[in-house]
Amino acid sequence: MSAIAFLEPDAGVIARRGAIIAGLVECVGADGLVSEERELKPFETDGFAAYRRMPLAVVLPKTTAEVASVMRFLHAEGVKVVARGAGTSLSGGAIPEEDAVVLGLSRMSRILEIDLPNRLARVQAGVTNLAISDAVDADGFFYAPDPSSQLACTIGGNIGMNSGGAHCLKYGVTTNNLLGVTLVLADGTVTEIGGGALDGAGLDLLGLVCGSEGQLGIVTEATVRLIAKPEGQRPVLFGFPSSESASACVSDIIAAGIVPVAIEFMDRPAIAICEAFAHAGYPLDAEALLIVEVEGSTVEMDAMLRKIVDIAHRHAVMTVKESQSAYEAALIWKGRKSAFGATGRVADYICMDGTVPLSQLTRVLRQTAEIVAAYGLRVANVFHAGDGNMHPLILYNVNDPVEAEKAEAAGMDILKLCVEAGGCLTGEHGVGIEKRDLMRHQFSKAELDQQMRVRAAFDPAWRLNPSKVFPLDDRGAA
Amino acid sequence: MNHVVPSSELEAAAIIRDAAARGESVEIVGGGTKRGVGRPVEAATRISTAGLTGVTAYNPAEMVMTARAGTPLAEIEAALAANSQRLSFEPPDFRAFLASAGEPTIGALAAANLSGPRRIVAGAARDSLLGVRFINGAGEILSSGGRVMKNVTGLDLVKLLAGSWGTLGLLTEVTFKVQPAPETEETLAVRGLLDDAAANAMAHALATSAEVSGAAHLPEPLSKTVGGGLLGSDPATLLRVEGFAESVRLRIEKLKARLAGAGAFETVGEAHSRAIWRDIGNVAPFADETGKPVWRISLKPTEGHAFALALRREALASVFYDWQGGLVWARLEDAAEADIVRRLVRAHGGGHATLWRASPAIRAAVSPFEPQTPALTALSERVRKAFDPKGILNPGRMGP
Ligand SMILES: Cc1cc2nc3c(=O)[nH]c(=O)nc-3n(C[C@H](O)[C@H](O)[C@H](O)COP(=O)(O)OP(=O)(O)OC[C@H]3O[C@@H](n4cnc5c(N)ncnc54)[C@H](O)[C@@H]3O)c2cc1C
């Protein structure tokens, strides 16, 4: 098993580093540039920390105009650009390259406009996901997509990855909540796509840009949809004797015509890890746990929960915990929301992100366990069951190169399994470098060529985040 | 013109490949009910999806449905209804409005990215569209997306195909997310409001937790053109609530409390409510057989009424509003007045105006789709070339 490759750095560009840095200082001033090795260190990787590359430099513009001038300059110089929000990508989407300039949006963190009558907010790309909801919370609104990393991750990164969250079963993911962007193209042209009106004119370039992993342009501003907060929210926690019974319960809830806001699943190892960390009162004797959240008025929540609890009882549920207070509700969620962090305290892990049709959940869970066991490793599963987005966390020791290789190989096998089960490689974390070399399992050559031709329509010279998403060989057709 | 109705995807691909080899253009149609939208297409061959029919996969417990592109929408809706499910974006039926005949197809719903009143909470067709199979301008059969509800694997060509009006590819199969149908619905009608007061009321309603799933305003006398005329002709500001019966009742009460003093309230029961919203989505107020130009204008909700007022100062027009006021349907009583309409859209916070109904002569003379900035036009043309290098698919349909 060989390590994931990056494109060969361009020695000519590296040799011109001094001049390139000088040019960037012209664009953003000395305080907008990071070039000392010690200061570059924090930028060398992202949430996919097994891989790292030192960038040529990091540039931190403050305005769209500065981004445009940086992009014009790098276009003229033929230098690669890697956009970066908070660097929490789990697929290596924001990992730099040695001959690339990292364009960080962290200093563009202003909320520009909140328009409650039109239920929208216009923000700079470096604003954190949670900051938007916080800004409108007192007025009774929120921004719906809620990745667990929402305290840190930026809206630009969310757009880059089309991120989801626990509550997207009802409200959709980033692309369903995005009204417009300001996009700076590879040559520095500033474009406005969409805006305050629904469904922009012409081809849906907004939908294309969302999830394009920094390969089509730099998002500097975004207009997002705000939603009035529900009257109430209430989770219920179930412990089941088997994954099968939990999965069957999920299917039956949906078949009964109930769409909760969230249905989260954890298996026994994940329950143990999260309980040890959060002391949330999770049932340690259960093989599988579900957190089902409903929202609405008290009457509506009561009615839905009654139906849901009835269904759970038909599937041999062992534990039923209905939250009686905001405190109990928060505790139920605390375990789930800290799952990744809690796992990180127990072992190193890689997190897979394949999505499968709901009817395949049980089988894929079982086979995932078999795959990981065959490599002699452990796995904990915590994921969004309502939409089939699985997150097996493969536990290993990062300092043991053999274990690391095995973990990576097990992950790849799991993703192939997801594709074979009628699903996809990634539901919300993106392809990045991590899944790039598996793209041929999901797409035919003609399909990849089609996507690469579209990519080339934006970035003909392949300078934007070029080592990501598409297999490095055979890019010729584009 | 040569009409072909391929009975398989492979056959359709061969037809497009041959046309590409000859450099000849192809017009793509489903049921042909929306042929009157956009620039008229002059093509050597017309290819219909009418032979590509049938639901290919539907498991209600997965909330996902796959069908071949030429499947009549009616067939899909019946299959979903049999399982108490529905397409959440409320597909409209424009036949009466456009005075067209034929069977609307599921593929064209995707290709035109249609949606109805529920758009404001449930998204448009593109938001429910999970996957497509299509044939590009080189005759290659490709797929994008899939049957899963979350998918960020590679570029999202699904969104791009949605709303591309057959200019990027011939859709052969589409997969939509579906949704359980709610137990019931009711509509709160606030009567007698002028357009600006209605916009204000709708904004307030959507700022509550009542989960309003439709917000429209019908000025006098258009209110009598929906739901069998039972509303009479006084202005009607309509707010729909869906869900469990008890919850619907409580949420209607919540709306009344929030809007107290705005105007007289009437509560419209389930059957009548359904009829009213169907008519609003289907543009029944302008299903008038006049053939007069009708614009569909999308702006920020609070700008809709101000735009309409300005328009009526400059041209004779009737309007009604959906999407909390952000969707203005405007019938021009004389000329289409594209320049006025588009200037006023720009002056009211921006958005886009599409000429949804007009004679072929008018549609050949003015761009039915909103012209874009030079940068976006150039970008879109490059994207089109990436799918259809010779420009043979529905050439020019989307303008400029
Ligand atoms: C603990 C933890 C929990 C997580 N939970 C979730 C979850 O629940 N759901 C989920 O979907 N993800 C989750 N993630 C993944 C990650 O947080 C998301 O992908 C997030 O959107 C990345 O945002 P970021 O600002 O960190 O972007 P980065 O990691 O900096 O960048 C992500 C990608 O977007 C591109 N990009 C960034 N900014 C821009 C811009 N302005 N213009 C163009 N391209 C840009 C980058 O080049 C890169 O390809 C989690 C990560 C961690 C570490």
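Computed from a predicted structure; not experimentally measured.

Q: I'm lost on the overall build of chain B in this one. Help?
A: When its secondary structure is counted, chain B shows 14 helices and 18 strands. In terms of C-alpha radius of gyration, chain B reaches 21 Å, essentially the compact-globule figure of 21 Å for 400 residues. Taken along its principal axes, the extent of the C-alpha atoms in chain B is 65 × 50 × 35 Å. Sorting the 400 residues of chain B into buried and exposed places 61% on the buried side. Sequence-distant contacts in chain B: of pairs separated by 6 or more residues, those separated by 24 or more amount to 74%. Summed over all atoms, the accessible surface of chain B reaches about 13400 Å², with 52% contributed by carbon and sulfur. Taken as two groups, the 43 positive and 42 negative side-chain charges of chain B have centres that lie 4 Å from each other.

Q: Before we go on, may I ask you to explain the domain arrangement of chain B in this structure?
A: All names here are of chain B. According to the domain assignment, chain B consists of domain 1 (2–180), domain 2 (184–281) and domain 3 (288–365). Placing a centre on the C-alpha atoms of domain 1 and another on those of domain 2 gives a separation of 32 Å. Listed as interface residues are eight residues of domain 1 and, on the opposing side, 10 residues of domain 2. It is Pro-117, Arg-118 and Ile-120 in domain 1 that bury the most area against domain 2; as a group they hold 59% of the surface buried on that side. On the surface where domain 1 and domain 2 come into contact, there are three salt bridges. Note that Glu-90 and Arg-240 form a salt bridge whose closest N and O atoms lie 2.8 Å from each other. Our count for the contact surface shared by domain 1 and domain 2 stands at three residue pairs in polar contact (both at pLDDT 80 or more).

Q: Quick question: what am I supposed to make of the pairing of strand β5 (residues 111–115) of chain A here?
A: Residues and elements named next belong to chain A. Pairing of β5 with strand β6 (residues 120–124), which is carried by four bridges, proceeds in the antiparallel orientation. Within β6, the residue paired with Ile-114 across the bridge is Ala-121. Hairpin geometry of β5 and β6 is characterised by an intervening segment of four residues between the two adjacent antiparallel strands and by a positive phi of about 50 degrees at Arg-119.

Q: It is not clear to me how the packing of aromatic side chains should be interpreted in this structure. Could you clarify?
A: The relation between two aromatic rings is expressed through the spacing of the ring centres and the mutual angle of the planes. In the structure shown here, the tally under the stated rule is 16 aromatic pairs over all chains. Relative to Trp329(B), the ring of Phe97(B) has its centre 5.6 Å away and its plane inclined at 80 degrees; by these criteria the two rings are edge-to-face. Placement of the pair is Phe97(B) in helix α3 (residues 95–98) and Trp329(B) in strand β17 (residues 327–332), with a sequence separation of 232 residues. Residues Phe97(B) and Trp329(B) agree in their burial class; the two are buried. Pairwise contacts between aromatic rings join Phe94(B), Phe97(B), Trp165(B), Trp329(B), Trp356(B) and Phe369(B) into one cluster. Taking NZ or CZ as reference, Arg455(A) lies 3.9 Å from the ring centre of Trp462(A), over its face.

Q: Is there a simple way to think about the pattern of salt bridges in this case?
A: Any two side chains of opposite charge can pair, so long as their charged atoms come close to each other. One pass over the full model with this rule turns up 53 salt bridges over all chains. When the shortest N-O distance is used, the salt bridge between Asp137(A) and Lys229(A) registers 2.8 Å. Pair noted here: Asp137(A) is in helix α5 (residues 129–137) and Lys229(A) is in the loop between β11 (227–228) and β12 (232–240), with a separation of 92 residues, a long-range link. Salt-bridge contacts for Arg384(B) lead to Glu381(B); the nearest nitrogen and oxygen are separated by 2.9 Å. Here Glu381(B) and Arg384(B) lie together in helix α14 (residues 374–387), a separation of three residues that amounts to about one turn.

Q: Sorry if this is basic, but what is going on with helix α11 (residues 298–313) of chain A here?
A: Since there are 3.6 residues in each turn of an α-helix, residues three or four apart along the chain are aligned in direction. The end-to-end C-alpha distance of α11(A), which contains 16 residues, comes to 22 Å, matching closely the 22 Å that a straight helix rising 1.5 Å per residue would cover. Of all the residues in α11(A), the buried ones are Glu300(A), Met301(A), Ala303(A), Met304(A), Leu305(A), Ile308(A), Val309(A), Ile311(A) and Ala312(A). Buried-residue contacts for α11(A) involve β12, α9 (243–255), β14 (288–296) and β15 (319–322) of chain A together with α9 (245–258) of chain B.

Q: Explain the packing of helix α17 (residues 445–458) of chain A against α14(B) to me, please; I cannot follow it from the model alone.
A: When two helices pack together, their arrangement is given by the angle between their axes and by how far apart the axes lie. One way to put it is that α17(A) packs onto α14(B) with a least axis distance of 8 Å and a crossing angle of 160 degrees. Between α17(A) and α14(B), the angle falls in the class roughly antiparallel. For the element pair α17(A) and α14(B), the recorded crossing hand is right-handed. Here Gln450(A), Arg453(A), Val454(A), Ala457(A) and Phe458(A) of α17(A) lie close against α14(B), whose contacting residues are Leu379(B), Arg382(B), Val383(B), Ala386(B) and Phe387(B). Looking at the contact of α17(A) with α14(B), its residues break down into seven nonpolar, one polar and two charged.

Q: I tried to follow α9(B) on my own but got confused; where do I start?
A: Over its 14 residues, α9(B) runs 20 Å from end to end, which matches the ideal 20 Å to within 8%, given 1.5 Å per residue. Every buried residue of α9(B) is listed here: Ser247(B), Val248(B), Arg251(B), Ile252(B) and Leu255(B). Projected down its long axis, α9(B) shows its buried positions confined to an angular sector of 135 degrees, all on one face. Buried residues belonging to α9(B) abut α11 of chain A together with β11 (184–191), α8 (195–206), β12 (212–218), β13 (236–243) and β14 (264–268) of chain B.

Q: So what exactly am I meant to see when it comes to the sheet that holds strand β8 (residues 141–145) of chain B here?
A: Think of a sheet as strands paired side by side through backbone hydrogen bonds, with each pair either parallel or antiparallel. Residues and elements named next belong to chain B. As summarised here, the arrangement of the five strands in space is β4-β5-β9-β7-β8, forming an open sheet in which the pairing is antiparallel. What marks the edges here is a single partner per strand, and that holds for β4 (55–59) and β8. Strand-to-strand twist in this sheet, taken as the mean axis angle between neighbours without regard to direction, amounts to 15 degrees. Of the pairings in the sheet, the one linking β4 to strand β5 (residues 64–68) comprises four bridges and is antiparallel in character. Across the sheet, residue Tyr-58 finds its bridge partner in β5, namely Met-65. Against the sheet, helix α1 (residues 9–22) touches β7 (129–136), β8 and β9 (169–177), its axis set at about 50 degrees to β7.

Conventions and cut-offs
- Residues numbered from 1 in each chain as written.
- Chains lettered and ligands numbered in written order.
- Predicted model: local features only at pLDDT ≥ 70, side-chain atom pairs only at ≥ 80, totals over all residues.
- Heavy atoms only, no water.
- Helix = DSSP H or I, 4+ residues; strand = E, 2+ residues; numbered from the N terminus.
- Rg over C-alpha atoms; globule rule 2.2 N^0.38 Å.
- Buried < 20%, exposed > 50% of the residue type's maximum accessible area, 1.4 Å probe, protein only.
- Contact = heavy atoms within 4.5 Å.
- Areas by Shrake-Rupley, 256 points an atom, 1.4 Å probe, with all protein chains shown as cover.
- Lys, Arg positive; Asp, Glu negative; His and termini not counted.
- Charge placed at Lys NZ, Arg CZ, Asp CG, Glu CD.
- Domains from an automatic or database assignment.
- Buried area = accessible area lost by both parts, 1.4 Å probe.
- Salt bridge = Lys/Arg side-chain N within 4 Å of Asp/Glu carboxyl O.
- Polar contact = N/O pair within 3.5 Å; in protein donor to acceptor, adjacent residues only side chain to side chain.
- Pairing = 2+ DSSP bridges.
- Phe/Tyr/Trp six-rings, centres within 6.5 Å; stacked < 30°, edge-to-face > 60°.
- Lys NZ or Arg CZ within 6 Å of the ring centre and 35° of its normal.
- Expected span 1.5 Å × (residues − 1).
- Axes fitted to C-alpha atoms, helices over the stretch in contact; angles between N-to-C directions.
- Parallel < 35°, antiparallel > 145°, perpendicular 65-115°, else oblique.
- Left-handed = near helix turned anticlockwise from the far one by under 90°.
- Nonpolar A, V, L, I, M, F, W, Y, C, P; charged D, E, K, R; others polar.
- Arc of directions from axis to C-beta.

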